[in-house]
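# Summary of the model geometry
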Amino acid sequence: MRFLSGIKTINRIWERLASGVLVPQGHVSERSRSASDTYLALKQKALDLEALYADAGVRIPAGGDLARLIESTKQLSDAWLQGRADKLPDQTLWDSAHLTRVADAALPLRGTPQEWAYLHKLTNGSLSLLKRESSEAKNFLWELELLHVLRAHGVQAKLQEPPDIVATFDAAEIGIACKKLYSTNNVEKVLSNGVAQIEGTYQFGIVAINLDDLTPEDSLFVANTERQMADQVNEINRSFLKENDRHFRKYLASGRLLSALVSTNVLADLRRESVRLNNARQSTVWMIPGLPAEKATVFEKFYATIMDRPAFRRHPGCHNSWQ
């Protein structure tokens, strides 16, 4: 069974714990758009992405992951208009959901410096978001997604190496080192590299860690409701922070980094919601209490700005999933 409904956004209510971790404590929901508008909008994103690559002179490799995501999204829209969307394989719907993530992150690159190089990165290696394969494409997608989030919340930010992103906020420059984990065996090395990218150049620094590829391969996340999903995905972040507490304290206690942001994005099946298939992201922030007042103030204002906006992007459909 597949449910055809619109995009739904959920705003989070945040609470700061005594440990310095910010966690979501509630949600406010709002529904918008019709099913047809949603599917047609998805196809338009696929077409816009194709045009972006063509105009930049970057070839999308035939048979590659990006080409597959684009083609699946076109097939989904056309099949829905023809009344045969329920005949499509699950992989087509999964691909179209992931195309949304890629397009939202990549389309703002149009006309930017190094546009050709950036678009090429997204074709370098796996862009299959349910596969657990390390690649430059997925590493760079995380940078683009975070850049998109920052800009969407009014923060002036740009891609710059090193580190990966530089944000200008409250008259301060914040260096953000983006790290995507494929294993829990090298967390300390990841934090060490993040510090090295930032210290000596930026007074304020954040290491932004993505955990998507630590979730089970070729599986969807199952929950009954959107609130249950948010709580369970948030628990992934909190468990990761707890298990690596000593590493975060080692590298954050010195004040060399302002904080760590841990983020997990899953493709989720909500069995009791009218819209079953969702791209769902939860982010949790870590900061050691007792940072210098200047750094603590920048931290509070920065996260207050980026954490009070929609957290989930809905996508039509329904699939079997893991739990």
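Residues numbered from 1 in each chain as written. Predicted model: local features only at pLDDT ≥ 70, side-chain atom pairs only at ≥ 80, totals over all residues. Heavy atoms only, no water.

## Things to note about the overall build of the chain
As a reminder, the rule being used: What counts as a helix is a DSSP run of H or I of at least four residues, what counts as a strand is a run of E of at least two, and both are numbered from the N terminus. In this description, contact between two residues means that some pair of their heavy atoms is separated by no more than 4.5 Å. Residue-level accessible areas treat just the shown protein chains as cover; the underlying method is Shrake-Rupley with a 1.4 Å probe.
When helices and strands are tallied, the chain shows 9 helices and 10 strands. Sequence separation of at least 24 residues holds for 71% of the intrachain contacts in the chain that already meet a minimum separation of 6. For the chain, the exposed surface amounts to about 13500 Å²; the carbon and sulfur share of it is 48%.

## Points about the packing of aromatic side chains
Here is the rule: Here a pair means two rings of Phe, Tyr or Trp (six-membered ring of Trp) with centres within 6.5 Å. Their orientation is stacked below 30 degrees between planes, edge-to-face above 60, and tilted elsewhere. Two conditions define a charge located above a ring, namely a distance within 6 Å from the ring centre to NZ of Lys or CZ of Arg, and an angle within 35 degrees of the ring normal.
The full count for this structure, using the stated rule, is 7 aromatic pairs. Centroid distance Phe248 to Trp286: 6.0 Å. Interplanar angle 50°. Geometry classified as tilted. Residue Phe248 is located in helix H8 (residues 245-252), and its partner Trp286 is located in strand E9 (residues 277-286); the two are separated by 38 residues in the primary sequence. In this structure, Lys121 packs its charged tip against the face of Phe140, placed 4.8 Å from the ring centre.

## Thoughts on the packing of helix H2 (residues 65-81) against helix H3 (residues 90-106)
Basically, it comes down to this: To get an axis, a line is fitted to the C-alpha atoms, and for a helix only the part in contact is used. The angle between two axes follows their N-to-C directions and goes from 0 to 180 degrees. Angle categories are assigned with fixed cut-offs, so that under 35 degrees is roughly parallel, over 145 is roughly antiparallel, 65 to 115 is roughly perpendicular, and the rest are oblique. Each helix crossing is assigned a hand: it is left-handed if the near helix lies turned anticlockwise from the far helix by less than a right angle, otherwise right-handed if that turn is clockwise. Note that Gly is not counted as nonpolar here; it falls among the polar residues with everything else outside the nonpolar set of Ala, Val, Leu, Ile, Met, Phe, Trp, Tyr, Cys and Pro and the charged set of Asp, Glu, Lys and Arg.
Where H2 meets H3, the axes come as close as 8 Å, and the angle between the chain directions of the two elements is 110°. When the axis of H2 is compared with that of H3, the two are roughly perpendicular. In terms of crossing hand, the pair formed by H2 and H3 is left-handed. Contacts from Leu66, Arg68, Leu69, Ile70, Ser72, Thr73, Gln75 and Leu76 in H2 reach Gln91, Thr92, Leu93, Asp95, Ser96, His98, Leu99 and Val102 in H3. For the contact of H2 with H3, the per-class residue count stands at 7 nonpolar, 7 polar and 2 charged.

## Details of the pattern of salt bridges
To keep things clear, this is the line we draw: Salt bridges are defined by distance alone: a side-chain nitrogen of Lys or Arg within 4 Å of a carboxyl oxygen of Asp or Glu. Throughout, exposure labels follow a simple rule: accessible area from a 1.4 Å probe, protein chains only, divided by the maximum for the residue type, with under 20% read as buried, over 50% as exposed, and the rest as partly exposed.
A full pass over the atoms with the stated rule returns 20 salt bridges. A salt bridge links Arg281 to Glu145, with the shortest nitrogen-to-oxygen separation between them at 3.2 Å. With a gap of 136 residues between them, Arg281 in strand E9 and Glu145 in helix H5 (residues 136-152) connect regions that are remote in the sequence. Taking the relative accessible area as the measure of exposure, Arg281 reaches 14% and is therefore buried. Linking Lys301 and Asp170 is a salt bridge whose minimum nitrogen-to-oxygen distance equals 3.5 Å. Taken together, the positions of Lys301 in helix H9 (residues 293-306) and Asp170 in the loop between strand E4 (165-169) and strand E5 (172-180) put the pair 131 residues apart, joining distant regions of the chain. For Asp170, a relative accessible area of 42% gives the class partly exposed. Via salt bridges that share partners, Arg101, Arg132, Lys138, Glu145, Lys180, Asp212, Asp213 and Arg281 belong to a single interconnected network.

## Some details on the nonpolar core
Rules: Working definition of a nonpolar core: buried Ala, Val, Leu, Ile, Met, Phe, Trp, Tyr and Cys residues. They are joined through side-chain atoms within 4.5 Å.
If you look at the biggest cluster of nonpolar residues, it comprises 52 residues, and the most contacted ones within it are Leu49, Leu150, Ile165, Ile174, Ile176, Phe302 and Tyr303. No other element matches H5, which puts 8 residues into this core. Setting aside residues no more than four positions away along its own chain, Leu49 makes contact with Leu66, Ile70, Leu99, Val102, Ala103, Ala106 and Leu107. Ranked by size, the runner-up nonpolar core spans 22 residues in total, among them Val166, Ala177, Val195 and Val262.

## What about unusual backbone geometry?
With an omega of -15°, the peptide bond between Glu161 and Pro162 qualifies as cis. Relative to the helices and strands, Pro162 is located in the loop between strand E3 (156-159) and E4. A cis amide bond, omega 5°, links Pro162 with the succeeding residue Pro163. Mapped onto the fold, Pro163 is located in the loop between E3 and E4.

## A look at H3
This is how the line gets drawn: The span expected for a helix works out to 1.5 Å for each residue beyond the first.
The terminal C-alpha atoms of H3, which comprises 17 residues, lie 24 Å apart, in line with the 24 Å expected from a rise of 1.5 Å per residue. Burial runs high along H3: 15 of the 17 residues are buried.

## Some remarks on the packing of H3 against H5
For the pair H3 and H5, interaxial distance at closest approach is 8 Å and the crossing angle is 65°. As the angle between them shows, H3 and H5 are arranged roughly perpendicular. Here H3 and H5 pass one another in a crossing that is left-handed. Packed against H3, whose contacting residues are Arg101, Val102, Asp104, Ala105 and Ala106, the element H5 presents Leu141, Leu144, Glu145 and His148 at the interface. Tallied by class, the residues present in the contact of H3 with H5 amount to 5 nonpolar, 1 polar and 3 charged.

## Section: the pairing of strand E8 (residues 259-270)
It is a general feature of regular strands that their side chains alternate between the two faces of the sheet. The test is simple: We call two strands paired when DSSP finds no fewer than two bridges between them.
Within E8, 12 of the 12 residues are buried, which leaves it mostly tucked inside the rest of the structure. Side chains Ser259, Leu261, Ser263, Asn265, Leu267 and Asp269 of E8 all project onto a buried face; the interleaved residues Ala260, Val262, Thr264, Val266, Ala268 and Leu270 project onto the opposite face, where all are buried too. In this sheet, E8 lies alongside strand E6 (residues 204-210) in parallel orientation, the contact comprising 5 bridges. Of the residues in E8, the one forming a bridge with Val207 is Ala260. Bridge count between E8 and E9: 10 bridges; the pairing is antiparallel. Bridging across to E9, Leu261 finds its partner in Val285. The loop that links E8 with its antiparallel partner E9 comprises 6 residues.

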